[in-house]
Amino acid sequence: MLFPDRLGVVRVVCLVAVFDAVVPLDTGMLFPRESSSRELKELNGLWDFRADKSANRNQGFERSWYKSRLAESGPVIDMPVPASYNDITQDITLRDFIGWVWYEREVVVPARWVADKGTRVVLRVGSAHYYSVVWVNGEKVTEHEGGHLPFEAEIGSLIRKNPTMPCRITIAVNNTLTLETLPPGTIQHMNDRTKYPDGLFVQNTDFDFFNYAGLHRPVLLYTTPKVYVDDITVVTDFLDDTGVVRYDVSVRGAATAILKVTLMDNEGHSVSSSSESSGVLKVADVKLWWPYLMHESPGYLYSMEVQLMAADGKWTYEDVYTLPVGIRTVQVTSSQFLINNKPFYFHGVNKHEDSDIRGKGLDWPLIVKDFNLMKWLGANSFRTSHYPYAEEILQMCDRHGIVVIDECPGVGIKDIRSFGNASLSHHLVVMDELVRRDKNHPSVVMWSVANEPAAELPPAELYLKTLIKRTRSLDPTRPITYITASINYASDKGAPYVDVICVNSYFSWYQDSGHLEVIPIQLNTQFENWYGKYQKPIIQSEYGADAVSGLHRDPPVMFTEEYQNAVLQSYHDVFDQKRKQYVIGELIWNFADFMTKQGVTRVLGNKKGIFSRQRQPKAAAFLLRKRYLRLANETGRLPPWTKYPCSL
């Protein structure tokens, strides 16, 4: 059904039982990498596409569109993958479409994959927003709830049923948000026929970004042997000049296997090895993973190569998988955030996966441009607001030394009905999937379990406490936070359970609009209130003001570049006082302008970016660059091109 009936009374008791009822995931989700034993075939490009515009949005299931070629069900159009479908066409009804859309592509599978029954063939979807059902040659192979995270299905047996047939992959994706999804939302039916046409309904949400939908990340086929490396977990440490890599390798397909684990430096030289499935690798003269601008060689990565051999009497299987490993530690005190035992100050950005035409679709030119801009800016960190970003982006962070606060899609949790058992169960599964995917990235230093939930509501404490407890059990090595709003310090029911307080505030913007003079007073009060109550380090996780590129006024007025600069400078003055005490970071909202739903407060989206949506700088970008390079010069190592940051 498109709109499940979830609007009844939600019970908010017995949430602790949900923690025990949700079984942790027991399979790995290693990023697909080619090796001597593994091949992959990307399915990016043009797919057949059809939106189900029937009144109940359910015609595709009622008429079993998946049983034959999608074009036989009716008209189809070309749709690029990966991309959001919303901005691709000139069809206004598709831009804001809510419901099921259908993708299909026929694939030629290499003959050796089909012939070799000792080979697993896996279909992987990097991200589909929001609920997905997948068929291969008309047979259902998997379904998945939630966007922003990958899911897989083994399809070897299906394609071997009729090896002469092309492999027809059909994916139905539904972007409907309910009170129990992440993010949550509600469907409103506009039933007044004196005002609205028959059948009109709208999606209501409590978040400020456009609800792009579709196949946002690569779809691919990859192979492994029948006995294969399913998962790897690494935890790193160091003592003096010796690095320590604790590892655990999970094997599937056989009860026993012979393993060789080799850790190599970035020149390919072996520095440590083992033949055990779990153990400790020690690295002499270790090269630590350091953040950008904190060391002359940031983002140093070793490679852990796992070689597997197994036999079942009939077949011999060999598998090879290589995992990048950064050796570093993370600790939190009552007033500091430490990376490799040294104080780290977050001077970075909040971002969105958002661009013209592609929406949230993975776009390598845009990713590389953004990293160049962040490094030019002197940013050492960002938060994946408000959902997990593509794995490819985190891999860039690992290589470049950009520190990440990794956030789940728990944004807009405002309705008390979204704190019930069903919501929590789904939220726990999402955190399981997120940690499983991102646990080995050295760039990821903290988990964020939500953004601005209604933490003052009665059921919020048990909900957030349970969520944080589960996340800590999945990964006890990283601190945990969620993003809160400055006005809630006295009634925030989840703050006692986090390791770092992350606070959003927009003084002189949403309240006291235009009054720059309130910022020093209110921001100082915010910090004193939060630290006084919880005695935990604080990150200003959002602050800023909208500015329309090229709009100027002096004296500054709202929406001009001058006003945005004045807001930032006023915040910075207070940051400079408090970072000597317990403030450990500042993340501007936002890196770039981004699209939102239509409304009277937004003109083609949110304009709080220091860059335009097309990545052109506003005046604030230069202000922030000067500040960030100065901060880096105080605490780290500047590269040669920033030798004279004060003159920039």
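Summary of the structure given here.

Scoring rules and cut-offs
- Residues numbered from 1 in each chain as written.
- Predicted model: local features only at pLDDT ≥ 70, side-chain atom pairs only at ≥ 80, totals over all residues.
- Heavy atoms only, no water.
- Helix = DSSP H or I, 4+ residues; strand = E, 2+ residues; numbered from the N terminus.
- Rg over C-alpha atoms; globule rule 2.2 N^0.38 Å.
- Buried < 20%, exposed > 50% of the residue type's maximum accessible area, 1.4 Å probe, protein only.
- Contact = heavy atoms within 4.5 Å.
- Areas by Shrake-Rupley, 256 points an atom, 1.4 Å probe, with all protein chains shown as cover.
- Pairing = 2+ DSSP bridges.
- Axes fitted to C-alpha atoms, helices over the stretch in contact; angles between N-to-C directions.
- Left-handed = near helix turned anticlockwise from the far one by under 90°.
- Nonpolar A, V, L, I, M, F, W, Y, C, P; charged D, E, K, R; others polar.
- Phe/Tyr/Trp six-rings, centres within 6.5 Å; stacked < 30°, edge-to-face > 60°.
- Expected span 1.5 Å × (residues − 1).
- Salt bridge = Lys/Arg side-chain N within 4 Å of Asp/Glu carboxyl O.
- Polar contact = N/O pair within 3.5 Å; in protein donor to acceptor, adjacent residues only side chain to side chain.
- Parallel < 35°, antiparallel > 145°, perpendicular 65-115°, else oblique.

Within the protein, the secondary structure is distributed over twelve helices and 32 strands. Against the compact-globule benchmark of 26 Å for 648 residues, the protein has a radius of gyration of 25 Å, which places it among compact chains. Seen through its C-alpha atoms, the protein measures out along the principal axes to roughly 75 × 75 × 50 Å. Expressed as a percentage of its 648 residues, the buried residues of the protein come to 58%. Long-range contacts, defined here as pairs at least 24 residues apart, represent 72% of the contacts in the protein between residues at least 6 apart. For the protein, the exposed area adds up to about 26,100 Å²; of that, 52% sits on carbon and sulfur atoms.

As summarised here, the arrangement of the four strands in space is β1-β14-β5-β9, forming an open sheet in which the pairing is antiparallel. Looking at the sheet topology across the chains shown, the edges are occupied by β1 (40–42) and β9 (151–154). Strand after strand, the sheet turns through a mean of 20 degrees between neighbouring axes, direction not considered. Relative to strand β14 (residues 219–225), β1 is paired through three bridges, and the arrangement is antiparallel. Paired with Glu-42 across the strands is Leu-220, a residue of β14.

Let us now look at the side chain of Asp-230. With respect to the secondary-structure elements, Asp-230 resides in strand β15 (residues 228–239). Among residues more than four places away in sequence, those in contact with Asp-230 are Asp-26, Thr-27, Gly-28, Met-29, Leu-30, Ser-250, Val-251 and Arg-252.

Put simply, helix α6 (residues 364–377) and helix α7 (residues 391–400) touch, their axes get as near as 11 Å, and they point 35 degrees apart. When the axes of α6 and α7 are compared, the crossing they make is right-handed. On the side of α6, the interface is formed by Trp-364, Ile-367, Val-368, Phe-371 and Lys-375, while α7 contributes Glu-392, Ile-393, Met-396, Cys-397 and His-400. In terms of residue class, the contact of α6 with α7 is built from seven nonpolar, one polar and two charged.

Moving on, we come to the packing of aromatic side chains. Using the criterion set out here, one finds 33 aromatic pairs in the structure. Geometrically, the ring pair formed by Tyr-66 and Trp-135 is stacked, given 4.5 Å between the ring centres and 5 degrees between the ring planes. Placement of Tyr-66 in the loop between α2 (59–62) and β3 (77–81) and of Trp-135 in strand β7 (residues 131–136) is noted, with a sequence separation of 69 residues between them. Here the two residues Tyr-66 and Trp-135 agree in accessibility, since each one is buried. Taking 5.1 Å as the distance between ring centres and 75 degrees as the angle between the ring planes, the aromatic pair formed by Phe-419 and Tyr-463 counts as edge-to-face. With a gap of 44 residues between them, Phe-419 in the loop between β27 (403–407) and α8 (421–438) and Tyr-463 in helix α9 (residues 460–474) connect regions that are remote in the sequence.

We now examine helix α11 (residues 561–578). Look at α11: 26 Å from first C-alpha to last across 18 residues, which is about the 26 Å you get at 1.5 Å a residue. For α11, a buried count of 13 out of 18 residues is recorded, marking the element as mostly surrounded by other parts of the structure.

This structure, assessed with the given rule, holds 40 salt bridges. Between Arg-615 and Asp-370 there is a salt bridge; the shortest N-O distance is 2.9 Å. Of the two residues, Arg-615 sits in the loop between β32 (583–588) and α12 (619–635) while Asp-370 sits in helix α6, which places them 245 residues apart along the sequence.

Spanning 15 residues, α9 covers 21 Å between terminal C-alpha atoms, matching the ideal 21 Å at 1.5 Å per step. Looking at α9, one finds that the buried residues are Ala-460, Tyr-463, Leu-464, Thr-466, Leu-467, Ile-468, Arg-470 and Thr-471.

We now examine the side chain of Asp-593. Along the polypeptide, Asp-593 turns up in the loop between β32 and α12. Taking relative accessible area as the criterion, Asp-593 reaches 6% and is therefore assigned buried. In terms of polar contacts, Asp-593 uses its side chain to reach the backbone amide nitrogen of Gly-609, at 2.9 Å. Not counting chain neighbours up to four residues away, the residues in contact with Asp-593 comprise Asp-354, Asn-606, Lys-607, Lys-608, Gly-609, Phe-611, Ser-612, Arg-613 and Lys-618.

To continue, consider unusual backbone geometry. With an omega dihedral of 20 degrees, the bond running from His-129 to Tyr-130 counts as a cis peptide bond. Of note, Tyr-130 is situated in the loop between β6 (128–129) and β7. Residue His-386 is bonded to the preceding Ser-385 through a cis peptide linkage, with omega at -10 degrees. With respect to the element layout, His-386 can be found in the loop between β26 (381–383) and α7. We note that Ser-64 has phi near 55 degrees; this positive angle belongs to a residue other than glycine. By the secondary structure assignment, Ser-64 is in the loop between α2 and β3. Phi angles above zero are rare outside glycine, and Asp-240 is one such case at about 55 degrees. With respect to the helices, strands and loops of the structure, Asp-240 is situated in the loop between β15 and β16 (242–252). Owing to a relative accessible area of 66%, Asp-240 belongs among the exposed residues under this scheme.

Turning to the packing of α8 against α9, a few remarks are in order. With their axes 10 Å apart at the nearest point, α8 and α9 run at an angle of 25 degrees to one another. Taken together, the axes of α8 and α9 are roughly parallel relative to one another. The handedness of the crossing between α8 and α9 is right-handed. In contact with Ser-423, Leu-424, His-427, Leu-428, Met-431, Asp-432 and Val-435 of α8, α9 contributes Tyr-463, Thr-466, Leu-467, Arg-470, Thr-471 and Leu-474.

Quick look at the sheet that holds strand β19 (residues 278–283) now. In spatial order, the strands read β15-β16-β19; together these three strands make up an open sheet with antiparallel pairing. Each edge of the open sheet carries a strand with a single partner, namely β15 and β19. Here the strands of the sheet are splayed against their neighbours by 20 degrees on average, with no regard to which way each runs. With eleven bridges joining them, β15 and β16 adopt antiparallel strand pairing. Considered in β16, the bridge of Thr-233 is made with Asp-248.

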